[in-house]
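For reference, the chains in residue letters:
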Amino acid sequence: MIEFRTGFGFDVHAFEAGDNVILCGINVAHHKKLKGHSDADVGLHALTDAILGAIANGDIGSHFPPSDMQWKGAKSDQFLAHAVKLVGEKGAKLVNVDVTLVCEYPKIGPIRDEMRVSVARIIGLDIERVAVKATTSERLGFTGREEGIAAYATATIAIKSSYLDDL
(Lines give C-alpha, C1' and ligand atoms only; values in the text may rest on other atoms or scores of the structure.)
Protein backbone atom coordinates (compact mmCIF):
# COMPACT_ATOMS: atom_id res chain seq x y z
CA MET A 1 0.00 0.00 0.00
CA ILE A 2 1.21 3.52 -0.80
CA GLU A 3 0.71 6.24 1.77
CA PHE A 4 0.96 9.96 1.07
CA ARG A 5 2.32 12.37 3.67
CA THR A 6 2.39 16.15 3.55
CA GLY A 7 4.75 18.45 5.41
CA PHE A 8 4.45 22.17 5.99
CA GLY A 9 7.23 24.74 6.37
CA PHE A 10 7.43 28.41 7.24
CA ASP A 11 10.34 30.81 7.37
CA VAL A 12 10.97 34.52 7.60
CA HIS A 13 14.02 36.75 7.22
CA ALA A 14 14.42 40.48 7.75
CA PHE A 15 15.99 42.80 5.23
CA GLU A 16 19.32 44.53 5.77
CA ALA A 17 21.61 46.67 3.63
CA GLY A 18 22.60 44.94 0.40
CA ASP A 19 21.98 44.76 -3.31
CA ASN A 20 20.27 41.40 -3.91
CA VAL A 21 18.22 38.67 -2.30
CA ILE A 22 18.46 34.93 -2.86
CA LEU A 23 15.05 33.37 -3.37
CA CYS A 24 14.50 29.73 -4.34
CA GLY A 25 18.15 29.49 -5.33
CA ILE A 26 18.09 32.55 -7.61
CA ASN A 27 20.00 35.82 -7.09
CA VAL A 28 17.44 38.60 -7.47
CA ALA A 29 18.49 42.23 -7.84
CA HIS A 30 17.00 44.29 -5.01
CA HIS A 31 18.01 47.32 -2.97
CA LYS A 32 18.31 45.16 0.17
CA LYS A 33 19.37 41.63 1.08
CA LEU A 34 17.96 39.13 3.55
CA LYS A 35 19.69 38.79 6.90
CA GLY A 36 20.50 35.30 8.12
CA HIS A 37 23.13 32.88 9.36
CA SER A 38 23.25 31.17 5.95
CA ASP A 39 22.36 32.81 2.62
CA ALA A 40 18.89 33.50 4.09
CA ASP A 41 16.99 31.93 1.18
CA VAL A 42 13.60 32.06 2.84
CA GLY A 43 11.93 29.98 0.09
CA LEU A 44 14.39 27.09 0.29
CA HIS A 45 14.35 27.19 4.10
CA ALA A 46 10.56 26.84 4.21
CA LEU A 47 10.69 24.04 1.64
CA THR A 48 13.42 22.21 3.54
CA ASP A 49 11.24 22.29 6.66
CA ALA A 50 8.22 21.08 4.68
CA ILE A 51 10.15 18.08 3.37
CA LEU A 52 11.56 17.28 6.81
CA GLY A 53 8.02 17.56 8.19
CA ALA A 54 6.68 15.09 5.63
CA ILE A 55 9.13 12.47 6.92
CA ALA A 56 8.80 13.61 10.58
CA ASN A 57 12.54 14.28 10.87
CA GLY A 58 13.00 17.51 12.79
CA ASP A 59 13.52 20.90 11.21
CA ILE A 60 16.24 22.81 9.41
CA GLY A 61 17.68 24.06 12.71
CA SER A 62 18.07 20.55 14.11
CA HIS A 63 20.02 19.43 11.03
CA PHE A 64 21.95 22.68 10.46
CA PRO A 65 22.11 24.56 13.78
CA PRO A 66 22.75 28.30 13.45
CA SER A 67 25.12 27.98 16.41
CA ASP A 68 27.42 25.84 14.23
CA MET A 69 29.76 28.20 12.39
CA GLN A 70 30.29 25.76 9.51
CA TRP A 71 26.88 26.88 8.21
CA LYS A 72 27.71 30.62 8.37
CA GLY A 73 27.00 31.99 4.89
CA ALA A 74 26.14 28.51 3.56
CA LYS A 75 24.08 28.12 0.40
CA SER A 76 20.61 26.84 1.21
CA ASP A 77 20.48 24.43 -1.72
CA GLN A 78 22.62 22.03 0.33
CA PHE A 79 20.02 22.07 3.15
CA LEU A 80 17.29 21.24 0.66
CA ALA A 81 19.35 18.51 -1.03
CA HIS A 82 20.01 16.95 2.39
CA ALA A 83 16.26 16.82 3.14
CA VAL A 84 15.59 15.17 -0.23
CA LYS A 85 18.34 12.61 0.47
CA LEU A 86 16.63 11.74 3.77
CA VAL A 87 13.36 11.15 1.90
CA GLY A 88 15.14 8.59 -0.29
CA GLU A 89 16.74 6.93 2.74
CA LYS A 90 13.23 6.37 4.13
CA GLY A 91 12.31 4.55 0.92
CA ALA A 92 9.98 7.40 0.01
CA LYS A 93 9.64 9.58 -3.05
CA LEU A 94 8.96 13.29 -3.29
CA VAL A 95 5.72 13.82 -5.25
CA ASN A 96 5.28 17.59 -5.39
CA VAL A 97 6.27 20.82 -3.66
CA ASP A 98 4.62 24.21 -3.37
CA VAL A 99 6.30 27.43 -2.17
CA THR A 100 4.55 30.75 -1.52
CA LEU A 101 6.66 33.87 -1.01
CA VAL A 102 5.07 36.79 0.87
CA CYS A 103 6.57 40.16 -0.04
CA GLU A 104 5.78 43.51 -1.59
CA TYR A 105 9.13 43.55 -3.41
CA PRO A 106 10.93 42.18 -5.28
CA LYS A 107 8.21 41.19 -7.71
CA ILE A 108 8.24 37.42 -8.20
CA GLY A 109 6.12 37.08 -11.36
CA PRO A 110 8.91 37.90 -13.82
CA ILE A 111 11.26 35.32 -12.25
CA ARG A 112 8.79 32.66 -11.12
CA ASP A 113 9.68 30.18 -13.86
CA GLU A 114 13.40 30.60 -13.20
CA MET A 115 12.73 29.82 -9.53
CA ARG A 116 10.71 26.73 -10.44
CA VAL A 117 13.57 25.49 -12.63
CA SER A 118 16.03 26.11 -9.79
CA VAL A 119 13.97 24.24 -7.20
CA ALA A 120 13.27 21.35 -9.61
CA ARG A 121 17.00 21.01 -10.32
CA ILE A 122 17.94 20.98 -6.62
CA ILE A 123 15.35 18.38 -5.63
CA GLY A 124 15.48 16.28 -8.81
CA LEU A 125 11.78 16.64 -9.56
CA ASP A 126 10.02 17.40 -12.85
CA ILE A 127 9.13 21.08 -13.08
CA GLU A 128 5.46 20.16 -13.44
CA ARG A 129 5.61 19.03 -9.81
CA VAL A 130 7.11 22.30 -8.54
CA ALA A 131 5.00 25.37 -7.76
CA VAL A 132 6.37 28.76 -6.77
CA LYS A 133 3.89 31.54 -6.10
CA ALA A 134 3.90 34.94 -4.48
CA THR A 135 1.49 37.23 -2.75
CA THR A 136 1.66 40.54 -0.97
CA SER A 137 0.28 41.18 2.48
CA GLU A 138 -1.61 44.23 1.18
CA ARG A 139 0.93 46.53 2.86
CA LEU A 140 0.09 45.04 6.29
CA GLY A 141 2.58 43.67 8.83
CA PHE A 142 6.35 43.42 8.50
CA THR A 143 6.20 42.16 4.90
CA GLY A 144 3.83 44.98 3.99
CA ARG A 145 6.19 47.52 5.51
CA GLU A 146 8.97 45.91 3.41
CA GLU A 147 10.94 44.85 6.50
CA GLY A 148 11.43 41.29 5.27
CA ILE A 149 10.08 38.31 3.37
CA ALA A 150 8.11 35.31 4.60
CA ALA A 151 7.65 31.96 2.89
CA TYR A 152 5.27 29.03 3.28
CA ALA A 153 5.83 25.64 1.70
CA THR A 154 4.25 22.22 1.47
CA ALA A 155 5.79 18.98 0.30
CA THR A 156 4.05 15.69 -0.42
CA ILE A 157 5.82 12.36 -0.38
CA ALA A 158 4.73 8.83 -1.27
CA ILE A 159 5.97 5.95 0.85
CA LYS A 160 5.21 2.25 1.04
CA SER A 161 3.36 1.53 4.25
CA SER A 162 1.42 -1.16 6.00
CA TYR A 163 0.01 1.40 8.45
CA LEU A 164 -3.37 1.55 6.71
CA ASP A 165 -3.73 -2.20 6.06
CA ASP A 166 -6.06 -2.73 9.03
CA LEU A 167 -8.68 -0.19 7.88
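What counts, and where the lines are drawn
Residues numbered from 1 in each chain as written. Predicted model: local features only at pLDDT ≥ 70, side-chain atom pairs only at ≥ 80, totals over all residues. Heavy atoms only, no water. Helix = DSSP H or I, 4+ residues; strand = E, 2+ residues; numbered from the N terminus. Expected span 1.5 Å × (residues − 1). Buried < 20%, exposed > 50% of the residue type's maximum accessible area, 1.4 Å probe, protein only. Contact = heavy atoms within 4.5 Å. Salt bridge = Lys/Arg side-chain N within 4 Å of Asp/Glu carboxyl O. Pairing = 2+ DSSP bridges. Axes fitted to C-alpha atoms, helices over the stretch in contact; angles between N-to-C directions.

Colleague: Is there a simple way to think about helix 4 (residues 112-123) in this case?
Modeller: Because an α-helix packs 3.6 residues into every turn, residues spaced three or four apart end up facing the same way. With 12 residues, helix 4 extends 17 Å between its outermost C-alpha atoms, agreeing within 8% with the 16 Å of an ideal straight helix rising 1.5 Å per residue. All of the buried residues in helix 4 are Met115, Arg116, Ser118, Val119, Ala120, Ile122 and Ile123. Buried residues along helix 4 sit in contact with strand 2 (20-23), strand 3 (26-29), helix 1 (42-54), helix 3 (77-89), strand 5 (92-102) and strand 6 (130-135). In the segment just after helix 4, Gly124 is the residue with positive phi, at about 70°.

Colleague: Help me understand helix 1 in this model?
Modeller: Between its first and last C-alpha atoms helix 1 spans 19 Å; for 13 residues at 1.5 Å apiece the expected length is 18 Å, and the two agree. The element helix 1 is largely enclosed, with a buried count of 12 among its 13 residues. All of the buried residues in helix 1 are Val42, Gly43, Leu44, His45, Ala46, Leu47, Thr48, Asp49, Ala50, Ile51, Leu52 and Ala54. Phi for Ala56, located one or two positions after helix 1, is positive at around 55°.

Colleague: Is there a simple way to explain the pattern of salt bridges in this structure?
Modeller: As a working rule, side chains carrying opposite charge can pair if their charged atoms are close by. Per the stated rule, a full pass over the model turns up eight salt bridges. A salt bridge links Arg139 to Glu146, with the nearest nitrogen and oxygen atoms 2.9 Å apart. A residue is classified by how much of its surface remains accessible, and Arg139, at 46% relative accessible area, is partly exposed. Between Arg145 and Glu147 there is a salt bridge, with the nearest N and O atoms lying 2.8 Å from each other.

Colleague: Can you walk me through the sheet that holds strand 5 in this structure?
Modeller: The strands making up a sheet associate through hydrogen bonds between their backbones, and the pairing can be parallel or antiparallel. With mixed pairing, the five strands of this open sheet are ordered in space as 4-1-7-5-6. The strands lining the two open edges of the sheet, one partner per strand, are strand 4 (32-34) and strand 6. Strand-to-strand twist in this sheet, taken as the mean axis angle between neighbours without regard to direction, amounts to 20°. Along the sheet, helix 3 contacts strand 5 and strand 7 (148-160); its crossing angle with strand 5, the most-contacted strand, is approximately 150°.

Colleague: Would you mind showing me how to read the side chain of His30 here?
Modeller: By the secondary structure assignment, His30 is in the loop between strand 3 and strand 4. Leaving out residues up to four positions away in the same chain, His30 has contacts with Phe15, Gly18, Asp19, Asn20, Val21, Tyr105 and Pro106.

Colleague: I would appreciate a short explanation of unusual backbone geometry in the present structure.
Modeller: Among all residues save glycine, negative phi is the norm, and among peptide bonds the norm is trans. Tyr105 connects to Pro106 through a cis peptide bond whose omega is 0°. At Arg139, a position not held by glycine, the phi torsion is positive, near 65°. Along the chain, Arg139 turns up in the loop between strand 6 and helix 5 (141-144).

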